[in-house]
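Tertiary structure, described
The primary structure of each chain is shown beneath.
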Amino acid sequence: MLRQDSQDAPLFGEEDGNIGARRSNIRHPLVSFFHLFFRTSAILVYLLCDIFSSRFIACMVTIILLLSCDFWTVKNVSGRLLVGLRWWNQVDTDGKSHWVFESRKTHSLNTASSAESRIFWLGLIVCPVFWILFVFSTIFSFKMKWLAVVLMGLVLQWANLYGYVRCKFGGQTNLRNMAQNYLGTQIFKQAMKKTEEP
């Protein structure tokens, strides 16, 4: 797995020189809108599909199209513009697959605004939680025809979440080791607090 700073190719929007002149905290309102639009639309269509339509195939195709549009938009556009991260899979001449994780340099003039960053990460984290709940509710309500749809939603949104977490915290870093180190640090801090108390 590779971790790169974006030296070779500018991220979308980096060539704009007048970004700081705008007054709004949200520099890319259209990107922010579509980042959330496809995600929430897929969830709403899933929730309201039985109410407004009795045709399963039409609902399934609509949900999968919305999920696919969301996956492409988040992976190729909103991740670059809103937080300066991108990831992809590259196959070399030997046929080996390499995952590449890239982040905007921290000293770049075009840093992400905190409002856009919150929109991005909130949408990226909250929506897969809904799809996890949908998987369990589909299994427990015995609506097995919807299981493929909710699993598709979970997989597509989880893949983007995983890719961007790897971009944010480092492509070389093993996430399990990072979580264990964090947990160990927290336990150590709690133990030190208890020993300092009289």
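Attention here is on the structure that accompanies the text. (Residues numbered from 1 in each chain as written. Predicted model: local features only at pLDDT ≥ 70, side-chain atom pairs only at ≥ 80, totals over all residues. Heavy atoms only, no water.)

Residues other than glycine predominantly adopt negative phi, and peptide bonds predominantly adopt the trans conformation. Even without glycine at this site, Phe142 takes up a positive phi of about 60°. Within the element layout of this structure, Phe142 appears in the loop between helix H3 (114-140) and helix H4 (147-169). A relative accessible area of 68% places Phe142 in the exposed class. (Helix = DSSP H or I, 4+ residues; strand = E, 2+ residues; numbered from the N terminus. Buried < 20%, exposed > 50% of the residue type's maximum accessible area, 1.4 Å probe, protein only.)

Take the state of the cysteines next. Applying the stated criterion to the full structure yields one disulfide. Linked covalently through their sulfurs, Cys49 and Cys59 form a disulfide whose S-S length is 1.7 Å. One disulfide, between Cys49 and Cys59, carries an S-S torsion of -120° and so falls in the left-handed class. With Cys49 in helix H1 (residues 29-52) and Cys59 in helix H2 (residues 56-83), the pair connects residues that are 10 residues apart, well separated along the chain. Per residue, the accessibility class of Cys49 equals that of Cys59, and both read buried. (Disulfide = S-S within 2.5 Å.)

An ideal rise of 1.5 Å per residue puts 33 Å on 23 residues; H4 measures up with 32 Å between its terminal C-alpha atoms. Just downstream of H4 lies Gly170, where phi reads positive at about 110°. (Expected span 1.5 Å × (residues − 1).)

Moving on to the pattern of salt bridges. Pairing is possible between side chains that carry opposite charge, provided their charged atoms lie close to one another. Enumeration according to the criterion identifies one salt bridge in this entry. The salt bridge involving Asp70 is made with Arg39; its shortest N-O contact spans 3.0 Å. Residue Asp70 is located in helix H2, and its partner Arg39 is located in helix H1; the two are separated by 31 residues in the primary sequence. We note that Asp70, like Arg39, is buried. (Salt bridge = Lys/Arg side-chain N within 4 Å of Asp/Glu carboxyl O.)

Note on placement: Leu81 falls in helix H2. A relative accessible area of 11% places Leu81 in the buried class. Separated by 23 residues in the primary sequence, Leu81 and Arg104 place their C-alpha atoms 9.9 Å from one another.

Moving on, we get to the side chain of Gln157. Relative to the assigned elements, Gln157 resides in helix H4. The class for Gln157 is buried, based on a relative accessible area of 0%. Leave out the neighbours within four places in its chain, and Gln157 touches Arg39, Leu67, Asp70, Cys127, Pro128 and Trp131. (Contact = heavy atoms within 4.5 Å.)

The largest bend along H1 reaches roughly 35° and is located at Tyr46. Those residues of H1 that sit buried are Val31, Ser32, His35, Phe38, Arg39, Ser41, Ala42, Ile43, Tyr46 and Cys49. Its buried side turned inward, H1 meets H2, H3 and H4. (Bend = angle between axes of the 7 residues up to and from the residue.)

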